[in-house]
Number of protein chains: 2
Amino acid sequence: MATSYHHQRAGDLNFLKRLNRSAILEMVRRVPGLTRADIATQAQLTKATVGSGVQSLLNQGWLKEGDLQKSSGGRPGRALHLNDDRHYLLGAEVGVHRLRLVACAPSGKVLEAHHEPFIPTTPESTAERLAELLQQLMRSPAVSHRENLGMGVALPGPIATGEALLRRAPNLGWRDVRFLDLLNPHLPELKGVWLMDNEAKSAAFGELYFRTGKTPESLLYVSAGTGIGSGMAEGSHSPLLTRGIQGLAGEIGHTILQPGGLYCHCGNRGCAETLVSGWSIRAVLGIDDKDDLIQTLGPRLQEQEVIRTLRRAGEALGMLILNLHHTQNPAEIVLGGSLTQLGNTFLEPALTYFEANQHRLLGTTQRVPLRVVEDSTFVAARGAAAQVLARVIHGPELF
Amino acid sequence: MATSYHHQRAGDLNFLKRLNRSAILEMVRRVPGLTRADIATQAQLTKATVGSGVQSLLNQGWLKEGDLQKSSGGRPGRALHLNDDRHYLLGAEVGVHRLRLVACAPSGKVLEAHHEPFIPTTPESTAERLAELLQQLMRSPAVSHRENLGMGVALPGPIATGEALLRRAPNLGWRDVRFLDLLNPHLPELKGVWLMDNEAKSAAFGELYFRTGKTPESLLYVSAGTGIGSGMAEGSHSPLLTRGIQGLAGEIGHTILQPGGLYCHCGNRGCAETLVSGWSIRAVLGIDDKDDLIQTLGPRLQEQEVIRTLRRAGEALGMLILNLHHTQNPAEIVLGGSLTQLGNTFLEPALTYFEANQHRLLGTTQRVPLRVVEDSTFVAARGAAAQVLARVIHGPELF
DNA sequence: ACAACTAAGTAAATAGCTTGAACATACCTC
DNA sequence: GAGGTATGTTCAAGCTATTTACTTAGTTGT
């Protein structure tokens, strides 16, 4: 977890070598088709260093050579690409109503995915079922011939920084769960990096890390489901996640948006979740906890009461996002979670409110794009897989 | 400004050497009296490497040797200390009603300080006056024999990341000001690092960077004055400041705390600043902009209307801090700014609200300390000086 | 008081990484 | 097809951290 690099950073020659190899690998991963010369220029390294680094990464199967590029007057460079056929990563998400899991190639491409309804009763039974499903996934033809690099699990709650400990998951009723320790006995053959993180943070990481080409400097992921959470990832190399000292960073559902408002399940009044969240929408519209929220509301989207409720929730979400804009000011905001399936009745007020207000302080300058994920089913699970890859590339495990 | 290390991090042998020297210097700065052996253990370097690094830092006058330490069975180690007599740093703050400036030793000790009432009319005249005062400070006996390492300026508004450009300072009426460029012609002899930053961010940086002994992992500074701003610093080595893509991170005065509330000068409704800020308190109590807020309110602190107003503002501040706790979750929160001089009528509701609500999500765990700065006059200016030191130690200028 | 012990710090030889310069390669233009 | 230009490789050289042996300084035990 959150490899605590808090202690003083210093290093030997080996550290330097690994640093440079990681940088080369990251650069090619980020911009496929880069040549050795491009890398040398951008990383401020000499041709010789890049040459030997690339050679070693080619030998180890991390990179592969592509076509010659167009010449710009002299010898054309040879394109380099991430070798996407050798490894895979496992990512999983324990949701309030579902288990979701993916196997990803290093590029982020989903090789195999599975999700199924599951109400996580106890941590133990959940771990057992998840392990079964992961083993099924590993046996599937698309991944079975690849080498596994590790597994990441995304969970709906704050996680103790530096430990594999889920502090609390209000919507599961769990508390102080060492989920990886529960998973471990069921997956003895699974080696590599094991990690767990909060679902919104995993999602934020993945949305930034698996992007290629021109990447934003930072990205905020807002996860709107049964509860509301967010994750902020920053930096291009291996993005840093803001976790907070108790793992509470991003628990935006419990920021106060209406002083003296309704009581929240946390005991405080006027939390954002009382205005926008799966459970607050259920409460207002009287939808039973056992029914699927999206399916129940689907046929009712024309009802005045539903429209009014969703518009109010959407506007509250817009305010919440505006508050994050003025607190964290990410370069890009991505909105996901099951509530995005409610469609424009819910989303349009949020987008409009943010668009109308984001320029208040600076006047018209660059826009902060707010994007809604088309299908957020596997975003968190895929993000957990991304975290595994980053740990492998930057950790001491390789080279 | 904000040396953008966004491009891929890679390095040569020289980089490694500088990295290790910086680490050694930081460690001794953070924990005075460390021995070479302590450094070797903590930084995971060999005795030989530490020995030569320390030797070179001694030769350059950055460190000095102290007494022998108590033996723990073998030869006692020799204590190392930051040489606090050789260099100094300049820090300044342009406030809405005052100019403040300090000269600091590398330990953070204030050698000389000055502040005076000043209403910044134009950026040009402000730069001219500030330059005069800085030159006076440099001529004072406590600093004139020392070597200057540079100067930092803290300003009340968002700053473009990566540029020395003040985007906007609503309470000064300034916009798109390159303040260092205005200062430059008046201070031709001042070499070293020049930088500028937002005042709350500088303050946060300084409060974390100049602390010795056991330091928190992250620190949030909340600056409550004419407007409300915040700064978040993270990491022990050279703390990172969250700036945001447009420099808007920490503009918490414009987070919405009361949907549909009063209109704010930014044009939106229900901003935190409409509930707690120098200007909103003036507006409610009808205090003229020309009178000093603290001095005017001093004799009126028994009036019911004043008490009611300050308690309301204090409680709003408590909510705002709780929201930051659930968004950034810093390891420590420091409250400063001129409004802290209003005393307990204002502060007590804020502290109480935060204390009563910070454990809602996790139950009783470790407390996040919320501390009120005793005298925040020079906190931002000193923080700007701290930023200079960090840039010198980690930048390419030295070794 | 003196030897044995332990840990801190230093010196010189060694190992390993990046570099610099010369060289081979591949395509383009005239 | 010759000259030009930029890419990529090779190998000796330079620099940094390490290894190993040694010196230094204080403690402990007899």
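Quantities reported herein were computed from a predicted structural model and do not represent experimental measurements.

Rules and cut-offs
Residues numbered from 1 in each chain as written. Chains lettered and ligands numbered in written order. Predicted model: local features only at pLDDT ≥ 70, side-chain atom pairs only at ≥ 80, totals over all residues. pLDDT = per-residue confidence, 0-100. Contact = placed C-beta atoms within 7 Å. Near = placed C-beta within 6 Å. Helix = DSSP H or I, 4+ residues; strand = E, 2+ residues; numbered from the N terminus. Nonpolar A, V, L, I, M, F, W, Y, C, P; charged D, E, K, R; others polar. Least-squares fit on C-alpha atoms with pLDDT ≥ 70 in both. Pairing = 2+ DSSP bridges. Buried ≥ 20, exposed ≤ 12 C-beta atoms within 10 Å, placed from the backbone. Expected span 1.5 Å × (residues − 1).

Asker: Before we go on, may I ask you to explain the confidence of the model for chain A in this structure?
Answerer: In low-pLDDT segments, the atomic positions of the prediction should not be examined closely. The predicted model of chain A has a mean per-residue pLDDT of 93, with 97% of residues at 70 or higher. Note that residues 1–7 of chain A has pLDDT below 50 and, in this model, 13 contacts with residues that lie over four places away or in other chains.

Asker: Mind showing me how you'd approach the protein's contact with DNA strand C here?
Answerer: Within the structure, DNA strand C sits among 29 residues, and A:R75, B:D12, B:G74, B:R75 and B:G77 are positioned closest to it. Elements with a contribution of two residues or more to the surface near DNA strand C: helix 1 (13–30) and helix 3 (47–59) of chain A together with helix 2 (36–43) and helix 3 (47–59) of chain B. Broken down by class, the residue content of the surface near DNA strand C amounts to nine nonpolar, 13 polar and seven charged.

Asker: I tried to follow the environment of A:A37 on my own but got confused; where do I start?
Answerer: Residue and element names in this part refer to chain A. Mapped onto the elements, A37 comes out in helix 2 (residues 36–43). With 14 residues separating them along the chain, A37 and G51 place their C-alpha atoms 8.9 Å apart. The contact partners of A37, leaving out residues within four places of it in the chain, are K47 and G77.

Asker: Would you mind showing me how to read the relation of the copies chain B and chain A here?
Answerer: Think of it as a corkscrew move, a rotation about one axis and a shift along it, taking one chain copy to the other. Here chain B sits on chain A after a turn of 180 degrees about the axis and a move of 0.0 Å along it, with an RMSD of 0.1 Å. Classification of the inter-copy transformation places it as that of a two-fold axis. A share of 98% of the interface residues of chain B reappears at the interface of chain A, consistent with the copies meeting face to face through the same patch.

Asker: Even after reading the chapter, I still don't get the protein's contact with DNA strand D, so can you show me in this structure?
Answerer: Close to DNA strand D lie 29 residues; A:D12, A:G74, A:R75, A:G77 and B:R75 are nearest. Where the surface near DNA strand D is concerned, the elements lending two or more residues are helix 2 and helix 3 of chain A together with helix 1 (13–30) and helix 3 of chain B. No other element matches helix 1 of chain B, which puts five residues into the surface near DNA strand D.

Asker: I would appreciate a short explanation of the sheet that holds strand 13 (residues 333–336) of chain B in the present structure.
Answerer: Whether parallel or antiparallel, the strands of a sheet pair through hydrogen bonds between backbone atoms. Residues and elements named next belong to chain B. Reading across from one edge, 12-11-10-13-14 is the order of the five strands in this open sheet, with mixed pairing throughout. Taken across any chain shown, the strands that pair with only one partner, and hence form the sheet edges, are strand 12 (240–241) and strand 14 (370–372). Of the strand pairs in this sheet, strand 13 and strand 14 are connected by three bridges, and their pairing is parallel. Of the residues in strand 14, the one forming a bridge with L335 is V372.

Asker: Would you take a moment to explain the pairing of strand 11 (residues 228–234) of chain B for this structure?
Answerer: When a strand is regular, its side chains alternate between the sheet's two faces. Residue and element names in this part refer to chain B. Most of strand 11 sits out of view: seven of its seven residues are buried. Alignment of strand 10 (residues 218–224) against strand 11, held across seven bridges, turns out to be antiparallel. Looking across to strand 11, one finds that L219 is bridged to A233. Where strand 10 folds back onto strand 11 in an antiparallel hairpin, the turn is made up of three residues. As consecutive antiparallel partners, strand 11 and strand 12 are separated by five residues, and within that stretch G235 has a phi angle of approximately 100 degrees, a positive value.

Asker: Whenever I open this one, the interface of chain B and chain A confuses me. Can you help?
Answerer: Facing 59 residues of chain B, the contacting portion of chain A comprises 58 residues. No other element matches the six residues that helix 1 of chain B contributes to the side of chain B that touches chain A.

Asker: Help me understand helix 1 of chain A in this model?
Answerer: Because each turn of an α-helix spans 3.6 residues, side chains separated by three or four positions end up pointing in the same direction. Residues and elements named next belong to chain A. Its 18 residues give helix 1 an end-to-end C-alpha distance of 26 Å, which sits within 8% of 26 Å, the value for a rise of 1.5 Å per residue. Within helix 1 the residues assigned to the buried category are L19, N20, R21, S22, A23, I24, L25, E26, M27, V28 and R29. Tucked into the core, helix 1 has its buried residues touching helix 2, helix 3, strand 1 (63–68), strand 2 (78–82) and helix 13 (379–394).

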